[in-house]
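Fold and geometry: a report
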Amino acid sequence: MKKLWVLVAMALLSACGSSDTVSSFTTTSSPQGTGTVTVSFDHSAAKTVGLAAPAAAFIRVVISNPTLVVNHVSYKALQDAAIPGSMTFTVPAANGYTVEAVSYVKDTTLNINRILKYAKSSLNVAVNSTNPVTLALTPITVALNLPPAGVNTGAPYTVTATIPAVSPLQPLWSLIVKTSDFSGPNHLGTTISPDPHNLTAPAAFTPGTLYAQGEFFMKDDLLDTTEVNTGWTFNYPNPAYGDAPVTTPLNVPSGNVNITITGL
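Residues numbered from 1 in each chain as written. Predicted model: local features only at pLDDT ≥ 70, side-chain atom pairs only at ≥ 80, totals over all residues. Heavy atoms only, no water.

As enumerated under the stated definition, the model contains 4 salt bridges in all. The shortest N-O distance in the salt bridge between Glu 227 and Arg 60 comes to 2.8 Å. Taken together, the residues Glu 227 in the loop between β16 (208-218) and β17 (232-236) and Arg 60 in strand β4 (residues 58-70) connect sequence positions 167 residues apart. Its relative accessible area of 23% is what places Glu 227 among the partly exposed residues. (Salt bridge = Lys/Arg side-chain N within 4 Å of Asp/Glu carboxyl O. Helix = DSSP H or I, 4+ residues; strand = E, 2+ residues; numbered from the N terminus. Buried < 20%, exposed > 50% of the residue type's maximum accessible area, 1.4 Å probe, protein only.)

Evaluated as defined, the whole model comprises 4 aromatic pairs. Centre to centre, the rings of Tyr 75 and Tyr 97 are 6.1 Å apart; their planes meet at 85°, and the pair counts as edge-to-face. Placement of the pair is Tyr 75 in strand β5 (residues 73-82) and Tyr 97 in strand β7 (residues 94-107), with a sequence separation of 22 residues. Note on Tyr 104 and Trp 232: the rings are 4.6 Å apart at their centroids and 65° apart in plane angle, and the pair reads as edge-to-face. Here the residue Tyr 104 occupies a position in strand β7, and Trp 232 occupies one in strand β17, the gap between them amounting to 128 residues. A single burial state applies to Tyr 104 and to Trp 232, both of which are buried. Taken together, the ring pairs in this structure connect Phe 58, Tyr 104 and Trp 232 into an aromatic cluster. (Phe/Tyr/Trp six-rings, centres within 6.5 Å; stacked < 30°, edge-to-face > 60°.)

This part covers the sheet that holds strand β15 (residues 197-200). With respect to topology, 3 strands assemble into an open sheet ordered β11-β13-β15, the strand pairing being antiparallel. In this open sheet, the two strands that pair with only one neighbour each are β11 (143-145) and β15. Taking each pair of neighbouring strands and ignoring which way they run, the sheet shows an average axis angle of 25°. Bridging between strand β13 (residues 156-162) and β15 involves 4 bridges; their strand directions are antiparallel. When the bridges of β15 are listed, Val 159 appears paired with His 197. (Pairing = 2+ DSSP bridges. Axes fitted to C-alpha atoms, helices over the stretch in contact; angles between N-to-C directions.)

Here the focus is the environment of Val 61. One can find Val 61 in strand β4. Each C-alpha atom of the pair Val 61 and Asp 80 lies 6.6 Å from the other, and the pair is 19 residues apart in sequence.

This brings us to the pairing of β5. Moving residue by residue along a regular strand, the side chains alternate between the two faces of the sheet. Of the pairings in the sheet, the one linking β4 to β5 comprises 10 bridges and is antiparallel in character. Bridge pairing in β5 links Ile 59 to Ala 81. Counting the residues in the hairpin turn of β4 and β5 gives 2 residues, including Asn 71, whose phi is positive at 55°.

Honestly, it's all geometry; don't read function into it.
Written out as C-alpha cells, the structure is:
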C-alpha cells in the first residue's frame, strides 16, 4: 500500500489572553507521488473555558482510520508537541481518516494533563492529492445537571452530566458534592462511574447550598498504549479557571408542632 509522509508544522500565535491559532500542515509523499495537507487551528470566541484558564502549552494530534485494520486493531498514529512545534506522521493512502487535536497543560504536581480545547475533522488521503483540513480548537463543554428546586436534607437525589457527542471525553466520570464552594480542581476524589450519579443529601438543621464538581477523563481513542484515562482530565466547574459554581439548594423541610397543655 502506498504511503504519504505527513509533516505537521505548528506555529501558535498569542493575542490578547489565551489563543490557539495554528498554521500549516504539509504533506510530502513517498516516491510514488506528492500531496499537501493544510490544517489550520483557530481560537474560538466561545468562552466556556473560564477567563483564568492558562494558555495551552502542548498539543496532541491523533490520526486514525477505522477502515484500516491490522490484527484486529484499527490504524492510529499520535504525537505530542510543545507549542510551537512540529511533528511527522507516515500514513497509508486511504479514505476515512479522522484527525483530532487536544490542547493541554501539564499539572506537574499530580503528574496529569489538563485538557483545554478540542477539534475534530475527517480526511481522505490520496497519492498526489492536496487535502486541506481546518480544525477549530474550541473549549470543551460539559453540563452538570442537579435538581433545580434543590434537595431535602437526608434525601436521595441524582446528578447527571451532559457531554456533547463530539468530545474528547469518555462517558465515565467522577463527582464530588459538598456544602462549601471548591477552591480548585479535585482529582480522583470519588469513584468513576457512568450516568447517573445517585447520592444522598447530607443531614442538616439549617438550609444551605450544595456545590458540585465533576472530573472527566479522555477517551481511549486519544490515548497511546501506555496511558490511562485518568492521566488526562477536565474538571467542571473549575474555579481556578474562573468557572462559576454549579449549585442547588439544600432544603430543610419544616412543619408545625401543636402542643396542648392541660391540667393547669
